Amino acid sequence: MWRRALGLAGALCLLALAASGPARADWTTYHADPALSGVDTTSGTAVPFATAWTASNLVGDIWSEPLVYNGLVIVATENNDVYAFDEATGAQVWHVSGGTPVPASELPCGDIAPTVGITGTPVIDASTGTLYAVADLSSGSSAAHTLFAYDAATGSLEWSRAVEPPSDDPLNQLQRESLALDGGRVLIGYGGNDGDCAQYKGVLVSAPENNQGPNDVYTVPTTREGAIWSGGGAPAVDTSGNVYVATGNAADGPGQPYDHGDTLEKLNADATELDYWAPLTWAQDSASDADLGSVSPALLPGNLVYQGGKNGNGYLISATNLGHISAGLYSAPVCDSFGSDAYANGILYVACSSGIKALNIVTSPPSFNGRWTGPSDANGPPIIAGGLVWVASTADAKLYGLDPLTGAVKVSTSTPAMEHFITPSASNGKLFLATDTTLNAYTIATALTPTPTPAPTPIPTPAPTPTPTPATPRKCPRAVVLTLRHPRHERIVRATVYEGHRRLATRRGSRLRTIAVRHVARGSVTIRLVEVPRHGHRIVERVRVRGCRRVAH
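Described below are features of the structure shown in this document. Small disclaimer: the values here were computed from a predicted structure and weren't measured.

Observations regarding unusual backbone geometry
Then, number 1: With omega at 5°, the peptide bond leading from A113 into P114 counts as cis.
Then, number 2: With respect to the helices and strands, P114 occurs in the loop between β6 (102-103) and β7 (115-116).
Then, number 3: Of note, the bond from S364 into P365 is cis; its omega dihedral lies within 30 degrees of zero at -15°.
Then, number 4: Mapped onto the elements of the fold, P365 is located in the loop between β28 (357-363) and β29 (366-373).
Then, number 5: Backbone geometry places N70, a non-glycine residue, at a positive phi of 50°.

Here we look at the sheet that holds strand β2 (residues 67-69)
Then, number 1: An order of β2-β3-β4-β5 is seen for the 4 strands of this open sheet, with the pairing classed as antiparallel. At either end of the open sheet lies a strand with only one pairing partner, and these are β2 and β5 (92-97). Pairwise comparison of adjacent strand axes, ignoring direction, gives a mean angle of 20° for this sheet.
Then, number 2: In this sheet, β5 lies alongside strand β4 (residues 81-86) in antiparallel orientation, the contact comprising 5 bridges. Of the residues in β5, the one forming a bridge with D81 is S97.

Section: the pairing of strand β36 (residues 438-447)
Looking down a regular strand, the side chains alternate between one sheet face and the other.
Then, number 1: Burial analysis of β36 places 7 of its 10 residues in the buried class, which makes it a mostly covered element.
Then, number 2: Here strand β1 (residues 43-55) runs beside β36; their pairing, made up of 7 bridges, is antiparallel. Bridge pairing in β36 links A55 to L439.
Then, number 3: Strand direction decides the pairing type here: strand β35 (residues 430-435) and β36, joined by 6 bridges, are antiparallel. Considered in β36, the bridge of L433 is made with N440.
Then, number 4: Between the antiparallel neighbours β35 and β36 lie 2 residues, among them D436 with a positive phi of about 50°.

Some points on the pattern of salt bridges
Then, number 1: Across all of its chains, the model carries 6 salt bridges by this definition.
Then, number 2: Residues K310 and D291 are paired through a salt bridge, measuring 3.2 Å at the closest nitrogen-oxygen approach. Remark: D291 occurs in the loop between α2 (282-287) and β21 (298-300) and K310 occurs in the loop between β22 (304-307) and β23 (313-318); sequence separation between them is 19 residues.
Then, number 3: You can call D291 buried: its relative accessible area is 1%.
Then, number 4: Within this structure, R185, D216 and D270 form a network of salt bridges that share partners.

Overview of the pairing of strand β18 (residues 243-246)
Then, number 1: Alternating positions in β18 separate into two faces, V243 and V245 on one and Y244 and A246 on the other, with burial throughout.
Then, number 2: Taken together, the 2 bridges between strand β17 (residues 236-237) and β18 define a ladder with antiparallel strand orientation. Within β18, the residue paired with V237 across the bridge is V243.
Then, number 3: Linking two consecutive strands that pair antiparallel, namely β17 and β18, is a turn of 5 residues; a positive phi of about 90° is found at G241 within it.
Then, number 4: Here β18 pairs with strand β19 (residues 264-267) via 4 bridges, running antiparallel. The partner of V243 across the bridge, within β19, is L267.

Description of the packing of aromatic side chains
Aromatic rings in a pair are described by how distant their centres are and how their planes are angled relative to each other.
Then, number 1: For the structure shown, the criterion picks out 16 aromatic pairs.
Then, number 2: Between the aromatic rings of F148 and Y150, the centroid separation amounts to 5.8 Å while the plane-to-plane angle is 10°, which identifies the pairing as stacked. Judged on exposure class, the residue F148 and its partner Y150 are both buried.
Then, number 3: Centre to centre, the rings of Y258 and W282 are 5.2 Å apart; their planes meet at 80°, and the pair counts as edge-to-face. With a gap of 24 residues between them, Y258 in the loop between β18 and β19 and W282 in helix α2 connect regions that are remote in the sequence.
Then, number 4: Here Y258 falls in the partly exposed class, since its relative accessible area comes to 22%.
Then, number 5: Exposure remark for W282: the relative accessible area of 9% places this residue in the buried category.
Then, number 6: Members of the aromatic cluster, each reached through a chain of ring pairs, are W53, Y83, F85 and F432.

A look at the nonpolar core
Then, number 1: Within the largest apolar cluster, 49 residues are counted, with the highest numbers of intra-cluster contacts made by I74, V82, L131 and W390.
Then, number 2: In terms of nonpolar packing, the next biggest core, distinct from the first, is built from 16 residues, I492, I527, L529 and V543 among them.

Observations regarding the sheet that holds strand β9 (residues 130-139)
Then, number 1: On the basis of which strands lie adjacent, the open sheet formed by 4 strands has the order β8-β9-β10-β11 and antiparallel pairing. In this open sheet, the two strands that pair with only one neighbour each are β8 (123-125) and β11 (157-162). Averaged over all pairs of adjacent strands, the angle between strand axes in this sheet comes to 30°, irrespective of strand direction.
Then, number 2: As paired elements, β8 and β9 share 3 bridges and run antiparallel to each other. Across the sheet, the residue bridging to I124 is L131, located in β9.

Describing the state of the cysteines
Then, number 1: Throughout the structure, instances matching the rule amount to 2 disulfides.
Then, number 2: Linked covalently through their sulfurs, C109 and C197 form a disulfide whose S-S length is 2.0 Å. Given an S-S torsion of about -95°, the disulfide between C109 and C197 has left-handed geometry. With C109 in the loop between β6 and β7 and C197 in the loop between β14 (185-192) and β15 (203-208), this pair connects stretches of sequence that are 88 residues apart.
Then, number 3: Judged by relative accessible area, which is 18%, C197 ranks as buried.
Then, number 4: Covalently, C335 is tied to C352 through a disulfide, its sulfur atoms 2.0 Å apart. The sign of the -75° torsion about the S-S bond sets the C335-C352 disulfide as left-handed. One end of the pair, C335, is in the loop between β25 (330-333) and β26 (342-344); the other, C352, is in the loop between β27 (347-350) and β28, and 17 residues separate them in sequence.
Then, number 5: Assessed through its relative accessible area of 0%, C352 is described here as buried.

The rules behind the values
- Residues numbered from 1 in each chain as written.
- Predicted model: local features only at pLDDT ≥ 70, side-chain atom pairs only at ≥ 80, totals over all residues.
- Heavy atoms only, no water.
- Helix = DSSP H or I, 4+ residues; strand = E, 2+ residues; numbered from the N terminus.
- Pairing = 2+ DSSP bridges.
- Axes fitted to C-alpha atoms, helices over the stretch in contact; angles between N-to-C directions.
- Buried < 20%, exposed > 50% of the residue type's maximum accessible area, 1.4 Å probe, protein only.
- Salt bridge = Lys/Arg side-chain N within 4 Å of Asp/Glu carboxyl O.
- Phe/Tyr/Trp six-rings, centres within 6.5 Å; stacked < 30°, edge-to-face > 60°.
- Core = buried A, V, L, I, M, F, W, Y, C linked by side-chain atoms within 4.5 Å.
- Disulfide = S-S within 2.5 Å.

Put into structure tokens, the structure is as follows:
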């Protein structure tokens, strides 16, 4: 059963959350944005909670977060399948498979079964409309981690490339960390399988978005372990392009040299280390599997980073000077934490295994204090949408909606079973939750940014008869010819035109100059032109057509 209570305080809080950042029409990366705030700013006034639609019997279990892009909800599975569904209706729009996943029986240990495929949440570059996903492919008796670039609107494959961590056996490496984007690079974190068996080292691979040039790699400088996995979280990226990741317990412990296990690492987009911080207890934490690597860093105002982990403490660190091995700016007991936290309006919502906790963050001098604790089984990574904090109970198969100021339960509903550290996403008044082989959509609020619809065809003035009949909408009787925009010293090798999700025309060649588009509505309509140069990023343009003629390009 679910229950919903709305009042003045809730409405005021909703307005404050909606105004806390710029509107974002889509949820294209883990926890909404590069800083991992977990805040949806596209959902407005709360409405009674209700199931909107369900997509069932997907092939492969889902361990990742659903993404939302241009009216589509996209989700990946452990069978290396990627599905796109209509955000409003749940109708399947496209489905692609990256290849044969790795049988779990071939791995030295782990908790994903029966196959391991796409585990980390993919990421979408909204400026190019490209979806990036890393699939674990079966390769005889081994495995091959491969980065796929898909057109997010159609699912068509753009390219693929190997992104295997160096040195280690691919079967020993799990790509659990969600993907992130930074400066034209795709950031890909690796760690071991559940159980930390066999030989591996934590690795962050930085691959070029345009598939040009080599991968860059940061490897944790230890003899073993030091996973970059964060309970399925993602690298956090600040506005300057700095990357923050946490590492897990590594080989060295008390009495041994520091080896960057149990560490908050600051890197650039090319996976080069810039700075680092580790708690004074790093050696003991590594030795007792009580490290920082279970949760993503949270980027906060005042150039602060909040880092939790498995030792029960929360730490505030200076983002401009991490401080290496130190006590940090402030620390206090909070909880052991997995996945990713959420932040809005001075409150950090921490993903605690014993139940979500809200902390009041003070930036000067840096400190925090407890505000409220939620239900003990509300232990998934939280997000904020439609005026509530949403968090899953992965053990008891529930979804909670909590008051952000008090933690009071406003929504509680049973769900199908789900995997460890599952977190929902939200966009345009709906919330999306992946549960094993099912994708569930719920209505939670009004939409601040409605899904675009085609421009209506003007209806002519009816003839003066007793029962006037509207004119039948017509299409262009001839083609609209669009001139392509060539970058300097570059050739266009493919051009595609879309109206919404419908592909109108595609042309390939070594020296394309124009593309003709037929069947465009006689009314004013905006179409999307995607040009693919021989080298470099795709060019995406909006083209306005009125009366069968281009009026803006």
